[in-house]
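Chain by chain, the residues run as shown.
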Amino acid sequence: MTTERKIRVLLAKPGLDGHDRGIKVIAAAFRDAGFEVIYTGLRQTPAMIVDAAIQEDVDAIGVSILSGAHMTLFPAILDELKAKDASDILLFGGGIIPDDDKDELEKRGVARVFTPGAPTEEAIGFLRDAVARKKTDETLM
Amino acid sequence: MTSLLTRFQSGDRRALARIISHIEDGSPRTPALMGQLYPGGGKALRIGITGPPGAGKSTLVNGLAKLLRDAGNRIGIIAVDPTSPFTGGALLGDRVRMNEFEPDGTVFFRSMATRGARGGLATATGDVAVALSSFGFDITLIETVGVGQVELDVVDACDVVVVVLVPESGDSVQTMKAGLMEIGDVFCVNKSDRPGAERIVADLKLTLDTRKRVDDAWRPPIVSTSAQTNTGLDKLYAAIFSYLDFARESGWFETHRREQAKKTVVTLLKQRFEREFVERLRSAGEFDSAVAAILEGKTDPYRVGDELYERFTTGRESVPQSRV
């Protein structure tokens, strides 16, 4: 049995676009980096994503949005996290997202937005650092 | 700050999820934690679903969970997928088939990676099932990794095991082989709309006609399903519960649980023995010199084992004799 703390990350595609090649590439890269990747597939609502993230006790949620609905979907997931008292779960994502929108989303609480051309190593490094910085004050018993 | 356990006991799902992670990570406080969870940890029925990769286990679990929930049960689901032996990473993809549930609290789904275990489940799966039961779920569905013939840990973690096969699962000689084909309390031929479904059902029948089971009087039913189109799931559901009725009436249910508890204790003892005795000896200098002596032909592994064992058993106080 291992006592090493694994990084767990949930990957989802919110909304209606069905282009899942990108998120599958990320899922494979995370798996090969030693993470436990929970892949939930297409057409997820923000409520489904956050509920799954809570049950799976993930460190982070990664979403891929190629439909142009990123200014709606990212904030909706952030709101849902807040409503469920789970804002300590990091939200990051990627997609075809203009620079201005990326800045705005990161200002509103998205931990990181990756745009086309970003190497998978960058996402892996980002997640490792971000999880290492997470602090918890919880007590078990 | 309120402790996780207190939040768990007041029904906080986030605390349940965090506690499952503690159990998975095997933190030093896990034994004490399990001590708190065991009361009530055996209440839930545990239904195991196993079979080869791609047989449709996740889709069946999804369908069964729906039927069980509609019957008024709260359902915990544990779905296990493999950890890479090379990178330690895992792709846990069983949720893809489980997306129809509204987040209403009646279903709790947890993906687990095997993390080095080789019996089709993770080492911590049994303890996670205890946590789900203790939290108040009535039924736990446990889905194994896609198995071959010998990953049979599900038997020791469940009250009833469903073996899922597909029409392509093989001929009558395959169904006669030991291992997977012996552990089904219920057999399910999924994707039964495909050619060959009738043949494998016939082969299975022949196998089951000639097989002696430990719980003797039970003849495992064979149910044909097509999980994707929701065909036959009601029959599968009925077959599972008719087995459970049989097991309860015959006393086999309790016997099985008693055997499981014994095995759990023995497993914990073995782990501790290995940790405290074998690991300590291995790190001692004499271990390496003994190995060198084996390679030089001066002694053999059996003699070295005997000598080390002697030293261990005489180096301690003798076990108190029980008073008769």
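Here is what the cut-offs are and how they apply
- Once a new chain begins, its residue numbering starts again from 1 and follows that chain's sequence as written.
- As they are written, the chains are lettered A onward and the ligands numbered 1 onward, keeping that order.
- Owing to the predicted nature of the model, reporting of local features is limited to residues with pLDDT of at least 70; listing and counting of side-chain atom pairs is limited to 80 or more, with chain, interface and lining totals taken over all residues.
- No hydrogens and no water enter the side-chain calculation; it runs on all heavy atoms of the structure.
- Here, strands pair whenever DSSP counts at least two bridges between them.
- A helix here means a DSSP run of H or I that spans at least four residues, while a strand means a run of E at least two residues long, and both kinds are numbered starting from the N terminus.
- Here, axes are lines fitted to C-alpha atoms. For helices the fit covers the stretch in contact, and angles between N-to-C directions go from 0 to 180 degrees.
- Here a residue-residue contact requires only that any non-hydrogen atoms of the pair lie within 4.5 Å.
- Whether a residue is buried, partly exposed or exposed follows from its accessible area with a 1.4 Å probe, protein chains only, as a fraction of its type maximum: under 20%, in between, or over 50%, in that order.
- Working definition: rings of Phe, Tyr and Trp (its six-membered ring) pair if their centres are within 6.5 Å, and the pair is stacked with planes under 30 degrees apart, edge-to-face with planes over 60 apart, and tilted otherwise.
- Working rule: Lys NZ or Arg CZ, within 6 Å of ring centre, within 35 degrees of ring normal, means a charge sits over the ring.
- Throughout, buried area stands for the accessible area (probe radius 1.4 Å) lost by two parts on being put together, summed over both.
- A side-chain nitrogen of Lys or Arg and a carboxyl oxygen of Asp or Glu constitute a salt bridge if their distance falls within 4 Å.
- Counted as a polar contact is a pair of N or O atoms within 3.5 Å, where, for protein atoms, one must be capable of donating a hydrogen and the other of accepting one, and residues adjacent in sequence contribute only when both atoms are in side chains.
- The classification used treats Ala, Val, Leu, Ile, Met, Phe, Trp, Tyr, Cys and Pro as nonpolar, Asp, Glu, Lys and Arg as charged, and all other residues, Gly among them, as polar.

**Student:** I would appreciate a short explanation of the sheet that holds strand E1 (residues 8-14) of chain A in the present structure.
**Tutor:** Sheets are built from strands that pair by backbone hydrogen bonding, the pairs being arranged parallel or antiparallel. Strands sit in the order E5(A)-E4(A)-E3(A)-E1(A)-E2(A)-E3(B) across an open sheet of 6 strands; the sheet is parallel. Where the open sheet ends on each side, the last strands, each with one partner, are strand E5 (112-114) of chain A together with strand E3 (90-92) of chain B. For this sheet, the mean angle separating the axes of adjacent strands, direction not counted, is 20°. Where strand E4 (residues 90-95) of chain A meets E5(A), 3 bridges bridge the pair, whose relative direction is parallel. From the neighbouring strand, A:Gly93 faces E5(A), where its bridge partner is A:Val113. Running over the sheet, helix H2 (residues 46-56) of chain A touches E1, strand E2 (36-44) and strand E3 (60-65) of chain A and is turned about 165° from E1(A). Relative to the sheet, helix H5 (residues 120-133) of chain A contacts E1, E3, E4 and E5 of chain A, its axis offset from that of E5(A) by approximately 170°.

**Student:** Looking at this structure, I do not really get the pairing of strand E6 (residues 160-165) of chain B. What am I missing?
**Tutor:** When a strand is regular, its side chains alternate between the sheet's two faces. Residues and elements named next belong to chain B. The element E6 is largely enclosed, with a buried count of 6 among its 6 residues. Residues Val-160, Val-162 and Val-164 point to one face of E6 and Val-161, Val-163 and Leu-165 to the other, with burial holding for every one of them. Sheet topology places strand E1 (residues 45-51) next to E6; 4 bridges connect them, and they run parallel. Across the sheet, Ile-47 pairs through a bridge with Val-160, a residue of E6. Where E6 lies against strand E7 (residues 186-189), 4 bridges are found, and the strand directions are parallel. Along E7, the bridge assignment pairs Leu-165 with Val-189.

**Student:** So what exactly am I meant to see when it comes to the packing of aromatic side chains here?
**Tutor:** Both the distance between ring centres and the angle between the ring planes are used here to describe each pair of aromatic rings. Evaluation of the coordinates by the stated rule reveals 13 aromatic pairs over all chains. Ring centres of A:Phe30 and A:Phe35 lie 5.3 Å apart, and the angle between their planes is 50°; this geometry places the pair in the tilted category. The same class applies to A:Phe30 as to A:Phe35, namely buried. Pairwise contacts between aromatic rings join A:Phe30, A:Phe35, A:Phe92, A:Phe114 and A:Phe126 into one cluster. The ring of B:Phe137 has B:Arg74 sitting right over it, with the charged end atom 4.8 Å from the ring centre. Between B:Arg248 and the ring centre of B:Phe253, over which it is positioned, the NZ or CZ distance is 4.7 Å.

**Student:** Got a minute to help me understand H2(A) in this structure?
**Tutor:** An α-helical segment advances 3.6 residues per turn. Residues three or four places apart therefore align on the same side. Counting buried positions along H2(A) gives 10 out of 11 residues, so the element sits mostly inside the fold. Where H2(A) is concerned, the buried positions are A:Pro46, A:Met48, A:Ile49, A:Val50, A:Asp51, A:Ala52, A:Ala53, A:Ile54, A:Gln55 and A:Glu56. Buried residues along H2(A) sit in contact with E1, E2, E3 and helix H3 (70-83) of chain A together with helix H2 (13-25) and strand E4 (107-113) of chain B. Of the residues flanking the end of H2(A), it is A:Asp57, one or two places downstream, whose phi is positive at about 50°.

**Student:** I would appreciate a short explanation of the sheet that holds E6(B) in the present structure.
**Tutor:** Residues and elements named next belong to chain B. Strand order in the open sheet formed by 7 strands is E4-E2-E5-E1-E6-E7-E8, and the pairing between neighbours is parallel. Either end of the sheet is taken by a strand with one partner, and the two such strands are E4 and strand E8 (222-224). Averaged over all neighbouring strand pairs, the angle between strand axes comes to 20°, with direction disregarded.

**Student:** Hey, could you run me through the interface of chain A and chain B in this one?
**Tutor:** How big an interface is tends to be expressed through the accessible area that disappears when the partners come together. Residue-level contacts link 36 residues of chain A with 38 residues of chain B. Around 3400 Å² of area is buried between chain A and chain B when both sides are counted, 52% of it from carbon and sulfur atoms. Residue B:Arg115 is joined to A:Glu36 by a salt bridge in which the shortest nitrogen-to-oxygen separation is 2.7 Å. Applying the counting rule to chain A against chain B returns 21 residue pairs in polar contact (both at pLDDT 80 or more). Breaking the side of chain A that touches chain B down by element, the ones donating at least two residues are helix H1 (21-32), E2 and H2 of chain A. Split into classes, the residues belonging to the side of chain A that touches chain B amount to 14 nonpolar, 8 polar and 14 charged. For E2(A) and E3(B), the ladder comprises 3 bridges, and the chain directions are parallel. Looking at the pairing, A:Ile38 lines up with B:Leu92 of E3(B).

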